[in-house]
Structures are given as C-alpha cells and as structure tokens.
Amino acid sequence: MALVRLALTNYRCFAERQELELRPITVVLGKNNSGKSALVRAPLVISTGIHGDSPVPLDLLQLGDDTPDFVDLVHKRLEHGSIGIELEFQGSLRLSATVQNIAEWQTQVVSKWEFGVPEDRASLEWLDADDSDDDTEKRTYQINSADHRPDEEKRVRFHGLVPRNIRHAPSLIAEFDEIRHLGPFRTRLTRLGRLSARAPQQDEFGSRTAEILIHDHVRRGGQLIDKVNEYLGDHLPGWELEVVPRYDAYSVGLKSTVTRGLWVPATDSGTGVAQVLPILVQRAQDELVPPKNHILEIIEEPELHMHPSAQAALADLYIAAIRNRRVRFLIETHSETFLLRLRRRVAERRLRASDLAFYFVDGDGASSTVRRIDVDEFGNVGYWPKGIFAENFEEVRALAVAQESRLETDAR
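This is a predicted model, so every value here is computed, not measured.

The next point concerns helix H8 (residues 308-321). Between the first and last C-alpha of H8 there are 20 Å, a value that for 14 residues agrees with the 20 Å anticipated at 1.5 Å per step. Buried residues dominate H8, accounting for 10 of its 14 residues. Taken together, the buried positions of H8 are Ala310, Gln311, Ala312, Ala313, Leu314, Ala315, Leu317, Tyr318, Ile319 and Ala321.

Rendered as structure tokens:
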C-alpha cells in the first residue's frame, strides 16, 4: 500500500502542522529559501526510521555525508524540542509519532506513537519518569491496544520508528514506499568509464549514469540506451546516445543522426544534457522493468539548465510514467512551463485532475506554511500565489512603458 498523505509538525521551518497529499504527480513550488526542499525531502528523512534497526527514531546517517543532526530538524533548533510525524497509507492505515530530543542523553525517544486503522489502533505513550537514563534501548510505555489491558505499562524496544513487540507494527516496514531521491545538482558524465561487475544503482547525484549505460551496452544489448534515445528525441532532436569502447574502458557520447560520422563525448555536451540524462535513464529503467513495490520518487528541479520547450517535454514524461501506478512523483520546481504543461494536459483530458496536486510553500523568515492549489478538470487553479511567475508580465509591461517613453521623447 502506497503512502498517500504526510503531515509534519514543528519540523524545520514549519512551526504549525502542515499536510501534504501525495498524488501520482505532486508538485511543490515557492520562492527561494521558503522550505520547499525541506518539505520534499521529508519522506526520505522519515524512511531512515522505517528501514533499518537503529535504536534512535531517525537514523540520519543513512542519508550520507553532511547529514543534519536531529536538532536541525526541530523548528528553531530547540535542544529539548520535538517533531510530529503523521503518515497515511492506502486503506486508511495510519501512523503518528512524536520524536522528542533528550539533550542531556544526546539521543531521541519516541514519546507518543499510534498505528493502525481507525477502528483498530494501538497507542503508546512514553513514561519518562521511569527511564532515568539512556543505558537501555528498552523504555517504559503506557500501552492501549486490543492485545493489552487498558493503560498497561510495558518495556518496549523501538527499531527506528517501529516497536518490535506491538501487534502489526512490523508490517509498517513492508507498507512504507521505497524512496528515491534525485537532487538539484546532477553530476556530469566522465570522459571514460568502466564496466561494473554488478548492475549499478543510481544515487541522488545521478553519478552512476555512465556506469548504468555502459553496463546496459555490454550486458543487455543496449535495450536501455534504445529507450533513452526514444525520450531524447523530444529533448535533443538530431542526436542519439551511444556507448563506444575506448581501449580498456568505454565512453558515453552523442551521435548525430543528421551528420554522418559526427560524435561528441557527453562531457563536451551542454549542461542541460548532463542534468536530464539521469532522469531519462530512470524512466527508461522503470519502463523496461516495471517496479513491483510502491515507489515515491523525489526530484528537485528536474528542469535545471533546460530550455523551456524541454521543460514541457519533461512534464509529459512524468505523465506517461504514472501509467505504472506503483511509481509516484514528488517534484520541486521553479518552472512555469512545466506547470503549464501539466495544466494543459488536464484540460486536454490526457491527465486526470485527481492525479495531480500543486502546493505552494510560503515563508516570512520566521516560519513557513504549505498551501494547496486546487486544479479542476479544465486545468484551472482555484488560487494562485501573488507574485509567483508574474515576472514575465512585469518585465513586458516595463519594456512597453520604456518604449512608449522613448517614442514620446523622440517625438518632441
């Protein structure tokens, strides 16, 4: 069952409870430093408490280098603060947890926890008076569930956000989506690459793209490359991707379909090509081998360094991808063209309005809020934030004023 709703309280720049419904295509927009990235990365952070067996609620070291400390996740970085997490899955299965920082112990504790469907829920509340230090991974909770006496007190061991001796709780691990993340700065392909012993897996920087393409060329007959070239025609007409051997290594480049013999290493191609290739490769992989598990794919600024026409084509790529109902997308964007193409496809009945959600993140420097932008069946929006994507209109108006002023001056 897929994750369909997420709510956060006291999380990073969000002081009050903010809710996000995760539809097949969910798009987050807003001004710089408003909290967009913090919001779209939240499922990735939460997943560190679902997958694994860490004694702390959120094992942030899973996120790699330069990971935040827990206190960085708390609004205003309060040392004794907490964050609230609420998750809802298909079938009304819900999890809510409050994660409390204990500064003097240099750790965190799940202080409140609920899980289940509305008619059958288990709840735990930490009795901190009975836990004077952090020498044990087991803590004392007051438990209310069908399997326990009312207000029963019991020692409970948590692995991340999952208690191990509460009925049905371990099923949460199976229910939670696989989370993919592609950040806003994708790595350029190197001039030469080698064949990997195993099929490479992409990372958040898209740095394994060349390895994936080389492995496909050598081990799988180039099926993935052929599929990527189908997509590439919408973004880079007149060129196709090709892998060629170079001594004991391989080189990924672009072959002209117009000029015979013209071949350009991918390292010498435009920045936009380097940024979009990891996106195209992932889409091709999913089309060739549809995922069996539910996947939430987080993409930050997919339009980076791309011409507006290619930004619109990316929107169509994601629309095609959601035909596989197991893959959904949470996208942060600054592209008006991307959003307009999505709205246009709704009006053309090529995308259902119910498969699309827009959210606007607004901040005043002290705290941020998330507001839903409703899209109807004609692609109309119920509300649009003031000043967002108004720059083109303002520039054109200022240009017209300047031109009129000069004409009047020259006429004198």
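From this point, the narrative continues.
All right, on to the sheet that holds strand S5 (residues 93-102) then. Pairing within the open sheet is antiparallel, and its 9 strands lie in the order S2-S1-S4-S5-S6-S7-S8-S9-S10. Of all strands in the sheet, those bounded by a partner on one side alone are strand S2 (18-21) and strand S10 (162-163). Pairing geometry for strand S8 (residues 138-144) and strand S9 (residues 152-159), over 6 bridges, is antiparallel. The partner of Thr140 across the bridge, within S9, is Arg155.

Let's shift gears to the confidence of the model for the chain. Confidence along the chain averages 88 in pLDDT terms, with 95% of residues attaining 70 or more. Confidence, expressed as mean pLDDT per element, reaches its minimum in the chain at helix H10 (residues 391-411) with 70 and its maximum at strand S16 (residues 327-332) with 97.

This brings us to the nonpolar core. Counting 56 residues, the largest nonpolar core has Leu87, Trp113, Tyr141 and Leu161 as the members making the most contacts within it. By residue number, the principal contributor to this core is S5, which donates 5 residues. Dropping the residues within four chain positions of it, Tyr141 is found in contact with Val109, Val110, Leu124, Glu125, Trp126, Leu127, Glu152, Glu153, Lys154, Val156 and Phe158. Of all hydrophobic cores here, the second largest spans 55 residues; its members include Leu224, Ala315, Ile319 and Leu339.

Let us look at the environment of Leu232. Tracing the backbone shows Leu232 in helix H6 (residues 223-235). When the C-alpha positions of Leu232 and Gln311 are compared, they lie 13 Å apart, and in sequence the two are 79 residues distant. Apart from residues no more than four positions distant in its own chain, Leu232 is found in contact with Pro237, Trp239, Glu240, Leu241, Leu254 and Leu280.

Quick notes on the rules
Residues numbered from 1 in each chain as written. Predicted model: local features only at pLDDT ≥ 70, side-chain atom pairs only at ≥ 80, totals over all residues. Heavy atoms only, no water. Helix = DSSP H or I, 4+ residues; strand = E, 2+ residues; numbered from the N terminus. Expected span 1.5 Å × (residues − 1). Buried < 20%, exposed > 50% of the residue type's maximum accessible area, 1.4 Å probe, protein only. Pairing = 2+ DSSP bridges. pLDDT = per-residue confidence, 0-100. Core = buried A, V, L, I, M, F, W, Y, C linked by side-chain atoms within 4.5 Å. Contact = heavy atoms within 4.5 Å.

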